[in-house]
Amino acid sequence: MSLLESARFALAGVAANKLRSVLTTLGILIGIAAVIVLLAVGAGTSNAIKAQIGKLGTNVLTVSRSTSVGGRAGAGTAVSGTRTRSTNLTLDDEKSLTDPVLAPDVARTAPIVQAQGVTGTYNNATHSVASFLGTTAPYFTISNSTVAAGSLFTDADQQGAAPVAVIGATVASDLFGASTASAVGQTIQLNGQNFTVSGVLTAKGSSGLNDPDDIVVVPLSTAQSKFTGYAPTLASITVQAASADVMNQAQNELQMILDARHGVDATNRDYQIRNQAQILTTATNTTQTLTILLGAVAAISLLVGGIGVMNIMLVTVTERTREIGIRKAIGASRGSIVAQFLIESLIISVIGGVAGIVIGFTGSAFPVLGVQPEVQPWTVWLSLAVSAVIGLVFGVYPANKAAKLRPIDALRYE
Amino acid sequence: MAAVIELTNVSKVYGRGEAEVRALDGVSIGIERGDFVAIIGASGSGKSTMMNIIGCLDAPTSGGYFLDGIRTADLDEYQQAQIRNRKIGFVFQNFNLISRTKAADNVAMPLAYAGVGRQERHTRALAMLDAVGLASRADHKPSQLSGGQQQRVAIARALVTNPVLLLADEPTGALDSRSSDEILDLFERLHAAGRTIVMITHEMDVAERAGRVVRMQDGRIISDVRQRPLRVPALAAAQ
């Protein structure tokens, strides 16, 4: 008796009870579709977060002042030390970081000062600026910012403390309406002081609560003269590493230079370095956890579907006890009975699996909570294999039960 | 001439101790090729147990059983299935056709287990249906056939592998008298063509159609009467 013949008998068995077979298939279908869609959502979320972080500048390290000065250790040093200790980041700090010998992995740096509560006005329109920065030209390269219209400010603007501003897309649309390009060359008031708009930045797109386009960037010297004063204190220093691979080396170099300049060590640093790569890793880990959780939920529904297959196969075997007896009496061996019922459960679960893959693909075409799911090719192969394994695993017991029936008992069964 | 069936001192015991039931108690019988034997007895006489043992559906507790010269006790499960497939054709009281399958496919089923190709299966099934006079009903499902017709399909199925033995368990038990006569006529024709038939029954008038009547009681053979002479071996050999 060939497997092909067993498959024919099995197919007839599946077809004999169409509604029941379809409903059983549904269990596997939903499970497989859930696995594919949920893993696709996980992957989509992960990629969206990576893209979002990428937009904010790659290879970026941010040096900022520590908000709390090293607790007990910091206080102890401050009391015992007679040497003066710079607890602020200064422009000199920023300049010292661009050192081809001590910091070969640092590509460029930009000092940043910030002013809070800046309001922009143009004619009757006003806009409360979320992020007002004074910096130097390298900032734009580091933060991956380009102009959609106009131009960035130049070193000359920086030296002359020129009243020019580069504004983000949100600011431009609030002040100038839909045609943001018309802002270029116009004069706006920032807290009542006149600035010429030199350029409008290309929109980066919102990432949830933070709007990276709600920004005004002016030359550092201008910001200092008009807003923050000439105190040498910087809010932060933005640093771009030579490449994504040398982020950690670059961070070590920054720490070495700044530790020496500030006279601190790892225990009492008065500054902190945020590493974009670390943020990315954290975000990736978070989404991975999320993906695993989603996958686990889907796997449970797949398990339930598999138990459904087993349940129906057991019912089928009981219901067809007489048929099994007849088949054995006319010469079916145990092997061919096992094959028949095993193939039957395999057919049900693999059809469910294939349909689930189709539904999964269809479902993944639509965005979920603003995230476009991305189907992972490996989940398709995995799903197909899993549905086949389910068919085999959950079919073995019923098939064996059928094969072990004694023909005389099976024939007497009513 | 080789016996198709050779039972030597066969016993079948169910249960143990107090509850022990001797369904068969030292039965010995030989059935020649080409014979038409009726085994008759009241219920509980052991005739069904004997039929199960003859049909390789059950194993004897003690004693030897040779089917077509093969010692069945030596066979494993797979070989027993093959014996049932190739050597024995079963006919049951309640037909035991597979209800969702067409008549022709029911008849062809033993051939599928014998590994015969699809095309040949179909040809042989149709030829066998034709032999029992049901060629026009090949595409009917069992539920669309009368009892007598269903039994004829079952006989066609039993004969399709060309077995050495046709084993019928109360083949007319569920049929009206006209259909019963049809079936018994068919058996006689098959017998005339050289088939070996063993028929279990509890009705004397059915048993009278056979060439030899074996009467059983309490697990023993109490009489063994030949009513008609055994067919000449030449006819049997022509099988």
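Values in this document were obtained by computation on a predicted structure and should not be read as measured data.

*Asks:* Would you mind going over the pairing of strand S4 (residues 62–67) of chain B with me for this structure?
*Replies:* All names here are of chain B. Inspection of the sheet shows strand S1 (residues 3–14) paired to S4 by 5 bridges, in the antiparallel sense. Bridging across to S4, Thr8 finds its partner in Gly64. The pairing of S4 with strand S5 (residues 70–71) spans 2 bridges and is classified as antiparallel. The residue of S5 that forms the bridge with Phe66 is Arg71. Linking S4 back to S5 in an antiparallel pair, the connection comprises 2 residues, with Asp68 at a positive phi of about 50°.

*Asks:* What is the right way to read the sheet that holds strand S7 (residues 165–169) of chain B from this model?
*Replies:* In a beta sheet, neighbouring strands are held together by backbone hydrogen bonds and run either parallel or antiparallel to one another. All names here are of chain B. Read from one edge to the other, the open sheet built from 6 strands follows the order S6-S7-S8-S3-S9-S10, with strand pairing classed as mixed. For this open sheet the edge positions go to strand S6 (88–91) and strand S10 (220–226), each flanked by a neighbour on one side alone. Taking the axes of each pair of neighbouring strands and ignoring which way they run, one obtains an average angle of 15° across the sheet. Direction of pairing for strand S9 (residues 212–217) relative to S10: antiparallel, over a ladder of 6 bridges. In the strand pairing of S10, Val213 is matched with Val225.

*Asks:* Before we go on, may I ask you to explain helix H1 (residues 47–54) of chain B in this structure?
*Replies:* Residues that lie three or four places apart on an α-helix share one face, since the helix turns once every 3.6 residues. Most of H1 of chain B sits inside the fold, with 7 of its 8 residues counted as buried. For H1 of chain B, the complete set of buried residues consists of Lys47, Thr49, Met50, Met51, Asn52, Ile53 and Ile54 of chain B.

*Asks:* Explain the sheet that holds S4 of chain B here, please?
*Replies:* Strand order across the open sheet formed by 4 strands is S2-S1-S4-S5 (chain B), with antiparallel pairing between neighbours. Two strands bound the open sheet, and with one partner strand each, they are strand S2 (21–32) and S5 of chain B.

*Asks:* Explanation requested: the interface of chain B and chain A in the structure shown.
*Replies:* Accessible area lost when the parts come together is the quantity often used to give the size of an interface. Contact with chain B, which involves 20 residues of that partner, is made by 18 residues of chain A. The element best represented in the side of chain B that touches chain A is helix H2 (residues 77–86) of chain B, accounting for 6 residues.

Parameters and conventions
Residues numbered from 1 in each chain as written. Chains lettered and ligands numbered in written order. Predicted model: local features only at pLDDT ≥ 70, side-chain atom pairs only at ≥ 80, totals over all residues. Pairing = 2+ DSSP bridges. Helix = DSSP H or I, 4+ residues; strand = E, 2+ residues; numbered from the N terminus. Axes fitted to C-alpha atoms, helices over the stretch in contact; angles between N-to-C directions. Buried ≥ 20, exposed ≤ 12 C-beta atoms within 10 Å, placed from the backbone. Contact = placed C-beta atoms within 7 Å.

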